[in-house]
Each structure stands twice: as C-alpha cells, then as structure tokens.
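Summary of structural features
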Amino acid sequence: MKRYEQPDFQQAMRIRLDVNHMMQECVGEKGLCKADLQAPCYQKAAERAHAKRAQWAFCHLPEDAVLTQIETMAAQIRRQCEAFVVFGIGGSALGPMAVHQALQHLHYNELPAEKRGGPRFYVEDNVDPERMAALLDVIDPGKTCFNVITKSGSTSETMAQMMILTRLLKDRGLDVAEHVIATTDAEKGNLIQIAKRLGLRTLYVPSDLGGRFSELSPVGLLSAAVCGIDIREMVAGAAFMDTRLQSQDVWENMAYLEGAMQMECMRRGRNIAVMMPYADSLKLMADWYAQLWAESLGKRYNWQGDVVAVGQTPVKALGVTDQHSQVQLYVEGPDDKVVTFIGVDAYRAQVPIPLEYEQIPDVAFLGGHSLNELIAAELFATGYALAKAGKPNKTIFLPEVNAFTIGQLLYFFEMATAYAGEVLDINAFDQPGVEGGKQATYALLGKPGFEVKKQEMDAAPKGKDAYRLA
Ligand code: PA5
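Quantities reported herein were computed from a predicted structural model and do not represent experimental measurements.

For the rest of this paragraph, the subject is the sheet that holds strand S4 (residues 144-150). Sheets are built from strands that pair by backbone hydrogen bonding, the pairs being arranged parallel or antiparallel. Strands sit in the order S3-S2-S4-S5-S6 across an open sheet of five strands; the sheet is parallel. Each edge of the sheet is formed by a strand with only one pairing partner; in this case those strands are strand S3 (120-124) and strand S6 (201-204). Across the sheet, the mean angle from the axis of one strand to that of its neighbour is 20°, orientation sign disregarded. With five bridges joining them, strand S2 (residues 83-87) and S3 adopt parallel strand pairing. Bridge pairing in S3 links Val 85 to Tyr 122. Against the sheet, helix H8 (residues 129-138) engages S2 and S3, with an angle of about 165° to S3. The strands that helix H9 (residues 156-171) touches are S2, S3, S4 and strand S5 (180-184); relative to S4, the one it contacts most, it runs at about 155°.

Side chains that differ in sign of charge can pair as their charged atoms come close. A full pass over the atoms with the stated rule returns 23 salt bridges. Here Arg 3 ties to Glu 233 by a salt bridge, and the two come within 2.8 Å at their closest N and O atoms. With a gap of 230 residues between them, Arg 3 in the segment before helix H1 (7-12) and Glu 233 in helix H13 (residues 231-244) connect regions that are remote in the sequence. The partner of Arg 131 in a salt bridge is Glu 124, with the nearest N and O atoms 3.0 Å apart. Here Glu 124 falls in the buried class, since its relative accessible area comes to 8%. Members of the salt-bridge network, linked through shared partners, are Lys 30, Arg 270, Asp 335 and Lys 391.

You can see Val 308 is positioned in strand S9 (residues 307-310). What makes Val 308 partly exposed here is its relative accessible area of 30%. For Val 308 and Leu 37, which are 271 residues apart along the polypeptide, the C-alpha to C-alpha distance reads 22 Å. With residues up to four places along the chain from it excluded, the contact list for Val 308 reads Lys 299, Arg 300, Tyr 301, Asn 302 and Ile 426.

Most of strand S7 (residues 272-277) is tucked away, with five of its six residues classed as buried. Of the pairings in the sheet, the one linking S7 to strand S11 (residues 337-344) comprises six bridges and is parallel in character. Across the sheet, the residue bridging to Val 274 is Val 339, located in S11.

The biggest cluster of nonpolar side chains holds 97 residues, and the ones touching the most others in it are Leu 222, Leu 282, Ile 406 and Phe 413. Take this core: its biggest share by element is 13 residues, from helix H19 (residues 403-424). Here Ile 406 is in contact with Val 99, Ala 102, Leu 103, Leu 282, Met 285, Leu 398 and Val 401, once residues within four sequence places are set aside. Among the nonpolar cores identified, the runner-up in size contains 20 residues, and Tyr 122, Val 148, Leu 169 and Ala 195 belong to it.

By the criterion of burial, S11 is predominantly enclosed, with eight of the eight residues buried. In this sheet, strand S12 (residues 393-398) lies alongside S11 in parallel orientation, the contact comprising six bridges. Directly across from Ile 342, in S12, lies its bridge partner Ile 396.

Turning our eyes to something else, we now look at a nonpolar patch on the surface. Together, Val 351, Leu 371 and Leu 374 line one region of the surface with nonpolar side chains, adding up to about 220 Å² of accessible area. Relative to the helices and strands, Val 351 resides in the loop between S11 and helix H17 (361-364). Residue classification places Val 351 among the partly exposed residues on the basis of a relative accessible area of 37%.

That bond from Gly 319 to Val 320 is cis: its omega, -5°, falls within 30 degrees of zero. On the secondary structure map, Val 320 appears in the loop between strand S10 (313-316) and helix H16 (327-332). One non-glycine residue, Ala 309, adopts positive backbone phi at about 45°. Within the element layout of this structure, Ala 309 appears in strand S9. Positive phi, close to 50°, is recorded for Tyr 357, a residue that is not glycine. Secondary-structure assignment places Tyr 357 in the loop between S11 and H17.

Rules of the game
Residues numbered from 1 in each chain as written. Predicted model: local features only at pLDDT ≥ 70, side-chain atom pairs only at ≥ 80, totals over all residues. Heavy atoms only, no water. Pairing = 2+ DSSP bridges. Helix = DSSP H or I, 4+ residues; strand = E, 2+ residues; numbered from the N terminus. Axes fitted to C-alpha atoms, helices over the stretch in contact; angles between N-to-C directions. Contact = heavy atoms within 4.5 Å. Salt bridge = Lys/Arg side-chain N within 4 Å of Asp/Glu carboxyl O. Buried < 20%, exposed > 50% of the residue type's maximum accessible area, 1.4 Å probe, protein only. Core = buried A, V, L, I, M, F, W, Y, C linked by side-chain atoms within 4.5 Å. Patch = residues over 30% accessible without salt bridge, like charges linked within 9 Å, V, L, I, M, F, W, Y side chains within 5 Å. Areas by Shrake-Rupley, 256 points an atom, 1.4 Å probe, with all protein chains shown as cover.

Next comes the structure, spelled out in structure tokens:
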C-alpha cells in the first residue's frame, strides 16, 4: 500500500486553516464573528456550489489511464533528455512552476545530474526576446524535450514560441516530433492541427477545464512526473481534500469558509488579498493563487448581465522576507487588506543556530535555537501583531510540504475560488477581459479576421503628441 493510501498518513498530513486572527475575540470590532459567516448569502452560495460541483471540471481528477500515460511519457523523457522546457503562459505555466518549486530542491537545476534524477527544468512564460535568447544559451535542443502547452491552441505568445522552436529544430536537422510534446484541447485550436500534421506526441486538456484550474491535469502533471514528483500522491491529496469538503455548512467546510471570509472582508472594504507563505518552496504558490483569484473573480457582469465590477486584488508576499518590505504597510496602513499566511510545521531541513558572540546579549539570545524556530516564531508574531492592530489574518498550515499536502492545497484554493464565484454570483471560469487584449494584439499583428478591429484601433485617439512627455 502506498503511503498516501494509509489512513494514518492521510490524517497526519491534513492541512489546517487557523482563523483565530480573523475573529472579533482576537482582532476586536474589525474582526468577524461566526454569525457573519452563517449569513444567508454565504449559506445559499454553499448550497449552489454543492449543486454545481459535479459539473465543475476541476472536481474531476484525472483517471488512472491518464496518469499511466503521463508516467510512461515522463519515464522516457527522464531517460533520454538533459533538459525539459515548458512553453506556455498563465494557467499553462504558473501551476507547473509552483509545484516544481514546492516539491523539488530549491536549486534543482544546479544540482549534479545524479542528485537531480531528472532533466533540468525551465518554464518559459513570457515572450521577452532576451529570455528566449538566454534559454538557447543554456540548453542543447538536441538533448531537450519541449512541452508546448496551450489549452486553446491559439494563444499568440505560446504559438510564437512554437514557431521559433520548430524553425530552430529544423535548422539543426532535428526531428520536431521527437522533441516536442503538445498539451492542448483534443479538437479545438491550432496546436492540435499542427500536432496531427507533424505527428507530435500529445496530451489532452479536458475541454471544459480552464487554464488556471488545470494544474492537476496533464498541464501540470507531465512536468511534475518528469522531475520525479509522485503525481499519484498529488492527485490523492486533492481527492482527500475533496472528501474533507463535503459539508454544506460554511463553518464546517474549510474551502467555503475561506471563500466566505475573503468575501466578507471584501464587503467591508478589504479589497486586497495578501498571500504570504512562510517558505521559499511555496513562494510561487502565491503567484499561482494570484492568477486563480484575480482572473476568476475579477468580473464586470454577474450571471444576470448586471454590471457588478467585482473582484479582490491579490498581492504576493514572502515570509519572512517581506516583513522587511511590506508588513509595515499591512500593520499601520489602510484597513483594506486581509492577509493569508501559509505556514509549515516541519521543514525538510533542520538548521540549528550555534552559540556564538556570547559577549553580545542582543545577538547571543538566538544561539541554541534554530532557523526552524525562528521562522515559526516570526510567522506567529506577524499574525499576532496584525491582529493586535485590528487587521484580520489567517494561516493555512501544511504539516510538511510534500505531494500529498500540495495536492490538498491546490484543490482547496480551487474550491474556495469557485465558491467565492457563487457568493459574487459571477462566472468564475471565464476571462472575457483577457480576450480584449488578445484580440487587440491579433489586430495589431495582422491576424486574418481582425481587420475591423485594426481599423477601430487606428481610428482611436492616440494622444501621443499631446500627453507623451520627453
Ligand atoms: O486561466 C486561463 O484560462 C488563462 O490564464 C489561460 O491559462 C492563459 O490565457 C493561457 O491560455 P492557453 O492555455 O489557452 O494558451
């Protein structure tokens, strides 16, 4: 039996949500009370979420056959390649980066090959020309596998990368089909057509699964498996979290409670959601969360078509680093934030602080403790100081950072986001605001079918002479 199938392991690895510092008992009158969260708007949203859950694509975790296909592909790549490169953007990149950083050595690429176990790993999620040039300085395309990920198969950034890659491989006399894996929709979009024409290996993104909800699909699981992460444990963690989220009572369901608390804070003018993990391994989890929260909940219209213009702005921070950068603002600045910390009970390293400088008491007191104690004390102290200043904050604790807890965490945030969408009565799964920019780019670069848009843009007042300063 795998460890993640054992009830003792599952119980020991339960992630926890500590909301003490959200409540009036700790924060005073600016805090919440239980009745606030049991208000009809939150309870009704829970009922709606419960009714819709079976249709939400992210709740359908990948089946065994898909996991086996990914593992087989990954094993071959691990044997054959020196580097593995993901080309993708947004939901096709942030999950792979966050999970890699969480579950792999913090200097993974610098480790010697035998310690790494898998190929070096790069995620290229921008079209900055310097970055493309820099990548080509550090990889040998002949010894590299490229995973081009685009759900829609039409994102300009990713398709431009695919074009550059194709030409590069051809120019070097390399077989595109041997070096490129396409992860995309099975039917829609341009990448699937190209993949079929070139005979590329393909992995399919379920047609109803949006990018930012797709980490636990082939989008995120191939790169994880290539780097040696146990993807079955990660998926088991998500499934375990699903079993923990069965209650329809907001107070009993930690994802609904998370969503309700964020929404209640927003209703009271706390329109900024700070996500601050106290672990370098979780730093990019805050980036992944920021996209999930912003793109899902930032909406102009509700389901009835009324203009609501809602959303809570996510801000990424890192404990303890940003205590010396942003926490001053969080403690003393405007009452417009709710802070969520992520803490870790047991880090994967223990670093004692030796007894030194005993003649300087202000330094010597640290000796005999450990970095582990120091970071835990600073996490608690920051939350406490915020609460004392009347600023609500909460902490999600991971017993350890491992594939099982990360699977739980991803699923927890996805459910909290979908639930918050119900509270706001908006569609959390589309992104019409992103489409506007995409279409304007198509028009500027001359994509067929966008001629009218181009004319509209050419006619728009530019203001460049009037307002552009030297
Ligand atoms: O969450 C989303 O749907 C978006 O952020 C997409 O992931 C992003 O726009 C990239 O889209 P695609 O995967 O279709 O290239």
